[in-house]
Structures are given as structure tokens and as C-alpha cells.
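Here are the chains, one letter per residue:
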Amino acid sequence: MAKLALRDLDVRGKRVLVRVDFNVPVELRGEVRITDDTRIRESLPTINYLRKHGAKTILMSHFGRPKGKRVEKYSLRPIGDYLHSLIHQPVIFSHDTIGKVPEKIIGHMENGDVALLENVRFQPEEETNDPKFSEALAKLGDLYVNDAFGTAHRAHASTAGITKFVTKSAMGLLMEKELKHLREGLDKPTKPFVVVLGGSKVSDKIGVLKALMEKADTILIGGAMANTFLKAQGIPVGASRVESDKVDLAHEILDLAKKRGVKFLLPIDALEAEEIRAGVPIRNTSRLSPQHGISDGWQAVDIGAATIALYQEELAKAETILWNGPVGIFEIPDFAEGTIAIAEALAQSGATTIIGGGDSVTAVKQAGLADKMTFISTGGGASLELLEGKELPGVAALTDKK
Ligand code: ADP
Ligand code: 3PG
Ligand code: MG
């Protein structure tokens with residue numbers, strides 16, 4: 001069902017409650033330092049639209065997982081200061097999320113003003129999606145906009161419950177953009193459609209894998225999840241991270257790929273190390289087979305040189321590429337070559353490139369290639385659930401478009 005969008009609302013002079021996802025990575029060294037401000041910057045189109053159209057913008061977000069208590073290091077105040085520096089306009093901060101304090105602040109707001117409420121997760125009622133809390137939030141505004149794509153897979157008070165207590169609720173511009181790109185990526189990708197799937201767990205990504213199997217021409221597997229597939233093919237995996245209880249499932253997927261005529265590629269060689277640490281000896285295995293696998297006591301930490309070449313060749317042929325999950329333990333620079341090579345192959349492919357998943361996005365940014373990609377999602381869990389074909393509660397709760 002299509003949902004109301006920001007442009008469908010008459011916002012002038014209205015108090016507009018906007019749920020954003022300001023859950024950004026930070027470094028805590030005395031002062032909070034934002035290490036990646038993408039989610040804040042991506043919220044600017046909605047915030048600036050509302051300012052320009054004379055709304056009173058009331059932002060709300062979660063930050064970290066304070067578990068229903070006030071935890072100072074998860075205060076949104078420094079994020080408000082940072083937003084101030086981006087929009088060159090004061091951001092009025094309410095140190096309470098609901099009640100007299102925000103009511104008074106909002107009562108004094110002028111058209112075009114921007115306010116930010118304290119972390120909604122300081123209240124236990126946020127995550128339990130408590131109707132009373134939802135109602136108290138809703139009372140602060142006239143209209144509700146959800147722009148927090150990154151949190152759209154959570155059915156919380158500020159993402160879902162609140163919509164029952166406002167007259168109209170709509171998608172923000174970021175929410176709309178995310179849904180459009182990710183849905184297009186899955187609905188009608190230009191062929192050949194190549195998916196690169198890596199990361200840690202088969203069990204986490206099984207749903208995505210099955211859903212993508214219906215659409216993809218080629219699936220390239222990397223990361224720890226490759227090990228489970230290698231094991232299913234009788235290839236020794238040494239001390240690699242593997243989900244032994246998922247080997248049957250891996251078989252099932254390999255069969256499904258055959259049935260569907262999907263080209264399902266596993267690493268043909270690997271980089272192996274005895275320890276997950278920078279500076280340890282590493283070596284490229286020979287071609288993997290049931291006779292030659294990962295060495296005893298060694299672990300696959302990245303895809304090998306022959307696999308990189310093979311995957312590069314497939315990516316060069318693609319018209320659409322979806323990437324989720326690094327193909328190696330890229331956090332350690334010695335094991336990052338495969339992941340960087342994938343990022344470069346995407347950048348050079350000329351294909352429509354879509355990146356979802358927190359760690360893959362980090363890898364692309366570390367490689368300095370973010371601006372070479374067609375679309376980078378601000379959602380980790382949310383983008384995966386969307387790709388799996390699940391309904392996102394934060395979207396489902398919005399007002400239907402007539
Ligand atoms: P994303 O956030 O992009 O969806 P995941 O969270 O599924 O990705 O997986 C990322 C993690 O997978 C990274 O921390 C990375 O170190 C790990 N990983 C990748 N390859 C391997 C491997 N061969 N062995 C163990 N861990 C791996
Ligand atoms: C995220 O970072 O994935 C979102 O902000 C959701 O956060 P959560 O996993 O703590 O609900
Ligand atoms: Mg991750």
C-alpha cells in the first residue's frame with residue numbers, strides 16, 4: 001500500500017514531529033566525536049524542507065541502547081549541537097522527551113524553528129511500544145513524519161505506536177528514497193543482476209539469500225558465510241568460522257540455485273591465517289577442493305587472489321549489483337584486500353550499485369569509494385528486512401495514500 005509522503009502534508013505553521021535515526025557511530029574520549037555523520041546529513045533534506053515550508057520541526061531519535069534509563073553518554077545533546085553546525089540555525093534541545101519541558105519549549109517555537117527531544121530510549125516505554133508514551137509523544141505535534149529508515153524495522157512508540165494518535169503520518173524524504181532504491185533493486189533490476197553476499201552468518205542472511213535467489217542471475221559468496229558452503233561441499237575449512245548446524249541449509253540453497261539456474265559462486269581460494277590479528281603470517285591457499293582445503297589450525301580470513309579475479313570478471317558483466325556483507329575480516333587491514341577489491345570492482349562496473357548493511361557501507365567508505373556508488377543505504381537491519389520482503393513496521397504504520 002502506498003503511503004503518504006512529506007509533500008502530501010500541509011506543514012506551514014504546524015508542529016511536525018519527525019522521527020529521525022541519529023544513531024550514529026561515535027568515539028567517546030571525554031567529548032563525543034561523531035565518526036560517521038551520514039545518517040545526520042541524510043536527514044537534512046527533510047529538515048530543510050520543513051524549515052523552508054514554515055513548519056515547527058520537532059526531531060526525535062534514539063541513540064545507542066540505553067535500555068530505558070537516562071545514560072548521559074547516550075544523550076542526544078551533542079548530536080543537536082552538531083546538527084546546529086550543519087544547518088547554521090540553533091537546534092532547541094529538550095532534555096526531557098515528553099511532558100512539561102518539551103511542551104513549554106514547543107509552545108514558544110516560531111515557524112521554521114527546529115527542536116530536538118532527548119533520546120526516546122531513555123524511556124522504557126519506547127521499545128515496548130507503550131500506547132500511553134506514544135500518545136504523550138503525539139501530543140507534542142500536529143503531524144508525524146517518519147524519516148528513520150534505519151529504525152523502520154522496529155515497532156517502537158516513536159516509529160509505530162505514535163501514528164495511532166496523530167491525524168496524519170507520512171514518510172520523510174530519506175525514507176522515501178531508501179524504499180525506492182532498495183525496492184527497485186529487488187523488483188526490477190536491470191540484468192544481469194549480480195549479488196555479492198558476505199559477512200558473518202549464514203543464519204542471519206538466509207532469508208535474504210532465498211529472496212534474492214528469485215531475482216539474481218549471479219550470486220557471489222564471501223566472508224564467513226562462504227565457509228559454511230565450502231564445508232557443505234566437503235572442502236576442509238580448518239579452524240575457520242563456520243556454522244556447522246547450517247550445513248544442511250547450505251546444501252538446500254546450493255540445490256535451489258541449481259534448480260533456479262542461478263550462477264552461485266563460492267570462493268575458489270582463500271587467504272588463511274592462524275590468528276585474527278594484524279601482522280600475523282598469511283598465505284593464499286591453492287585452489288580449494290575436497291583434497292585441498294583450508295589448512296588445519298588455519299582460518300579463512302579473506303577471499304584469495306583467484307577468487308578476486310573471478311568475482312571481478314562477474315561484476316564487470318553486471319548491470320545491477322547489490323552488495324551486502326564484507327568478503328573478509330576487513331577491519332584488519334591485512335585481511336581487507338578482497339573487500340576493497342569488491343568495492344573497486346563495483347565502482348568501476350558502470351552498473352547500478354546498491355550497498356546495504358552497516359559493515360559493507362563502512363568498508364566502502366574506508367575505501368574512499370562511497371561517491372562512486374549509486375545508492376548507499378543508511379539502514380543495516382532495516383535494509384536486510386526490506387530485501388527479504390518483510391514489511392517494515394515503521395512504514396506499515398503510516399497513513400495510506402488514497
Ligand atoms: P553487514 O553489516 O555489511 O551486513 P555483517 O554484519 O553480516 O555485514 O558481517 C560483517 C562482519 O563479518 C565483519 O565484522 C567481518 O569481520 C566479518 N567477516 C567477514 N569475513 C569473515 C571471515 N572469513 N571470518 C570471520 N568473520 C568474517
Ligand atoms: C541501527 O543502527 O541499525 C538502527 O539505528 C537501529 O538500532 P537498534 O538495532 O539498536 O534498534
Ligand atoms: Mg554488520
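Structure first, text after, so check above.
Thresholds, definitions, all that
- Numbering of residues starts from 1 in every chain and runs along the sequence as written.
- Labels are handed out in written order, letters beginning with A for the chains and numbers beginning with 1 for the ligands.
- Whole-chain, interface and lining totals are the exception, using all residues; otherwise, since this is a predicted model, local features are given only for residues with pLDDT of at least 70 and side-chain atom pairs are given and counted only at 80 or more.
- For side-chain calculations, the full set of non-hydrogen atoms in the structure is used, while hydrogens and water are omitted.
- Each helix is a run of H or I in the DSSP string that is no shorter than four residues. Each strand is a run of E no shorter than two, and both are numbered from the N terminus.
- Two things to know: the radius of gyration comes from C-alpha atoms, and the globule rule equals 2.2 Å times the number of residues to the power 0.38.
- Burial classes: relative accessible area under 20% of the type maximum marks a residue as buried, over 50% as exposed, and values in between as partly exposed (1.4 Å probe, protein chains only).
- Between two residues, a contact is recorded if the distance between any of their heavy atoms is within 4.5 Å.
- Note on areas: these come from Shrake-Rupley sampling with a 1.4 Å probe, and a residue is covered only by the protein chains present in the view.
- Only a single heavy atom is needed: when it lies within 4 Å of a molecule or strand, its residue is near that molecule or strand.
- Pairs of N or O atoms are called polar contacts if they sit within 3.5 Å, as long as, within protein, a hydrogen donor faces a hydrogen acceptor (for residues adjacent in sequence, only side-chain-to-side-chain pairs).
- Any residue outside Ala, Val, Leu, Ile, Met, Phe, Trp, Tyr, Cys, Pro, Asp, Glu, Lys and Arg is labelled polar, Gly included; the first ten of those are nonpolar and the last four are charged.
- We define a nonpolar core as any set of buried Ala, Val, Leu, Ile, Met, Phe, Trp, Tyr and Cys residues linked to one another through side-chain atoms lying within 4.5 Å.
- In this analysis an axis means a line fitted to C-alpha atoms, helices contributing only their contacting stretch, and an angle means the value between N-to-C directions, from 0 to 180 degrees.
- Should an angle lie under 35 degrees it is considered roughly parallel, over 145 roughly antiparallel, and from 65 to 115 roughly perpendicular; all remaining angles are considered oblique.
- A carboxyl oxygen of Asp or Glu within 4 Å of a side-chain nitrogen of Lys or Arg is what we treat as a salt bridge.
- Here, strands pair whenever DSSP counts at least two bridges between them.
- Expected helix span is given by 1.5 Å per residue-to-residue step, counting one fewer step than there are residues.
- Any two rings among Phe, Tyr and Trp, with Trp reduced to its six-membered ring, count as a pair given centres within 6.5 Å; such a pair is stacked if its planes are under 30 degrees apart, edge-to-face if over 60, and tilted if neither.
- Two thresholds decide whether a charge sits over a ring: the Lys NZ or Arg CZ must be within 6 Å of the ring centre and within 35 degrees of the ring normal.

A.B. asks: Where do I start with the overall build of the protein in this structure?
C.D. replies: If you tally the helices and strands in the protein, you get 14 helices and 17 strands. For a compact globule of 402 residues, the expected C-alpha radius of gyration is about 21 Å, and the protein comes in at 23 Å, within 12% of that figure. Within the span of the protein, comprising 402 residues, buried residues form 55% of the whole. Residue pairs at least 24 apart in sequence account for 74% of intrachain contacts in the protein once pairs closer than 6 positions are excluded. A total accessible area of about 17400 Å² is found for the protein, and carbon and sulfur atoms account for 49% of it.

A.B. asks: Help me understand the site of ligand 1, please; the structure alone is not making it clear to me.
C.D. replies: Close to ligand 1 lie 16 residues, the nearest being Lys205, Ala300, Glu331, Asp359 and Ser360. Within the backbone of Ala300, a nitrogen or oxygen atom sits 3.1 Å from a nitrogen atom of ligand 1. Contacts to ligand 1 include Asp359, whose backbone N or O atom sits 2.8 Å from an oxygen atom. When isolated, ligand 1 has an accessible area of 580 Å², and the protein chains bury 84% of it. At the level of elements, helix 8 (223–232) and helix 12 (358–366) are the ones that each hand at least two residues to the shell around ligand 1. Grouping the amino acids of the shell around ligand 1 by side-chain chemistry returns four nonpolar, nine polar and three charged.

A.B. asks: Would you mind going over unusual backbone geometry with me for this structure?
C.D. replies: Most peptide bonds are trans, and most residues other than glycine sit at a negative phi. With an omega of -5 degrees, the peptide bond running from Lys191 to Pro192 counts as cis. The residue His88 is not glycine, and still its phi comes out positive at about 50 degrees. Within the element layout of this structure, His88 appears in the loop between helix 2 (77–87) and strand 5 (91–94).

A.B. asks: Which parts of the structure should I look at to understand the nonpolar core?
C.D. replies: Most often, soluble globular proteins have nonpolar side chains that are buried together. Counting residues in each nonpolar core, the largest one holds 66 residues, and the members touching the most others are Leu209, Ile219, Ile221, Phe229 and Phe264. It is helix 7 (residues 202–213) that contributes the most residues to this core, six residues altogether. The residues contacting Ile219, other than those within four sequence positions of it, are Val195, Leu209, Met213, Val262, Lys263, Phe264 and Leu265.

A.B. asks: Sorry if this is basic, but what is going on with the packing of helix 1 (residues 38–52) against helix 6 (residues 173–187) here?
C.D. replies: When two helices pack together, you describe them by how their axes are tilted relative to each other and by the distance separating the axes. Across the interface, helix 1 lies against helix 6 with an axial gap of 7 Å and an inter-helix angle of 135 degrees. Comparing their axes, helix 6 and helix 1 come out oblique. Touching Glu42, Pro45, Thr46 and Tyr49 of helix 1 are Leu173, Leu174 and Lys177, all from helix 6. A class-by-class count of the residues in the contact of helix 1 with helix 6 yields four nonpolar, one polar and two charged.

A.B. asks: What's the story with the pattern of salt bridges in this structure? I'm lost.
C.D. replies: Opposite charge on two side chains lets them pair, provided their charged atoms get close. Scanning the entire structure with this criterion turns up 24 salt bridges. Residues Asp37 and Arg41 are paired through a salt bridge, measuring 2.8 Å at the closest nitrogen-oxygen approach. The residue Asp245 makes a salt bridge to Lys246 at a minimum N-O spacing of 3.1 Å. Bridged by salt links that share partners, the residues Arg70, Glu72, Asp96 and Glu118 form one connected network.

A.B. asks: Looking at this model, I keep getting lost on the site of ligand 2. Mind explaining?
C.D. replies: All residues adjacent to ligand 2 are Asp21, Asn23, Arg39, His62, Arg65, Arg121, Gly150, Thr151 and Arg154. In the environment of ligand 2, an oxygen atom lies 3.0 Å from a nitrogen or oxygen atom belonging to the side chain of Arg39. Relative to its free-state accessible area of 310 Å², ligand 2 is covered by the protein chains to the extent of 84%. The class makeup of the residues in the shell around ligand 2 is no nonpolar, four polar and five charged.

A.B. asks: Any chance you could explain the sheet that holds strand 13 (residues 282–284) here in plain terms?
C.D. replies: In any sheet, the strands associate via hydrogen bonds between backbone groups, in a parallel or an antiparallel arrangement. Judged by pairing direction, the sheet is antiparallel, and its three strands sit side by side in the order 13-12-14 without closing on themselves. Looking along the sheet, the strands with just one partner apiece sit at the ends: strand 13 and strand 14 (299–303). Strand-to-strand twist of the sheet, defined as the mean angle between neighbouring strand axes without regard to direction, takes the value 35 degrees. Summarising the sheet, strand 12 (residues 270–273) and strand 13 pair through three bridges and their orientation is antiparallel. When the bridges of strand 13 are listed, Leu271 appears paired with Asn284.

A.B. asks: How do you make sense of helix 6 when you look at a structure like this?
C.D. replies: Think of an α-helix as 3.6 residues a turn; residues three or four steps apart then line up on the same face. Its 15 residues place the ends of helix 6 20 Å apart at the C-alpha level, agreeing with the 21 Å of an ideal helix rising 1.5 Å per residue. Within the span of helix 6, buried status applies to Leu173, Leu174, Met175, Glu178, Leu179, Leu182, Gly185 and Leu186.

A.B. asks: Please explain the pairing of strand 2 (residues 26–29) as it appears in this structure.
C.D. replies: Taken residue by residue, a regular strand's side chains alternate between the two faces of the sheet. Across four bridges, the pairing between strand 2 and strand 3 (residues 31–34) is antiparallel. Note on strand 3: the bridge partner recorded for Arg29 is Glu31.

A.B. asks: Sorry if this is basic, but what is going on with the packing of aromatic side chains here?
C.D. replies: Note on aromatic pairs: each is described by the distance of the centres and the angle between the planes. With the rule as written, the count across this model stands at two aromatic pairs. Centre to centre, the rings of Phe63 and Tyr74 are 6.1 Å apart; their planes meet at 85 degrees, and the pair counts as edge-to-face. Here Tyr74 lies in the loop between strand 4 (56–60) and helix 2 and Phe63 lies in the loop between strand 4 and helix 2, a separation of eleven residues in the sequence. Taking relative accessible area as the criterion, Tyr74 reaches 22% and is therefore assigned partly exposed. The ring of Trp298 has Arg283 lying over it, and the distance from NZ or CZ to the ring centre is 3.6 Å.

A.B. asks: Help me understand the pairing of strand 5 in this model?
C.D. replies: Pairing analysis gives four bridges linking strand 5 to strand 6 (residues 114–117), with the strands arranged parallel. Note on strand 6: the bridge partner recorded for Val91 is Val114.

A.B. asks: Looking at this structure, I do not really get the sheet that holds strand 7 (residues 143–146). What am I missing?
C.D. replies: The strand order 5-6-4-1-7-8 describes an open sheet built from six strands, whose pairing is parallel. Strands with a single pairing partner mark the edges of an open sheet, and in this sheet they are strand 5 and strand 8 (169–171). Going from strand to strand, the sheet's axes swing by 25 degrees on average, the running direction of each strand aside.

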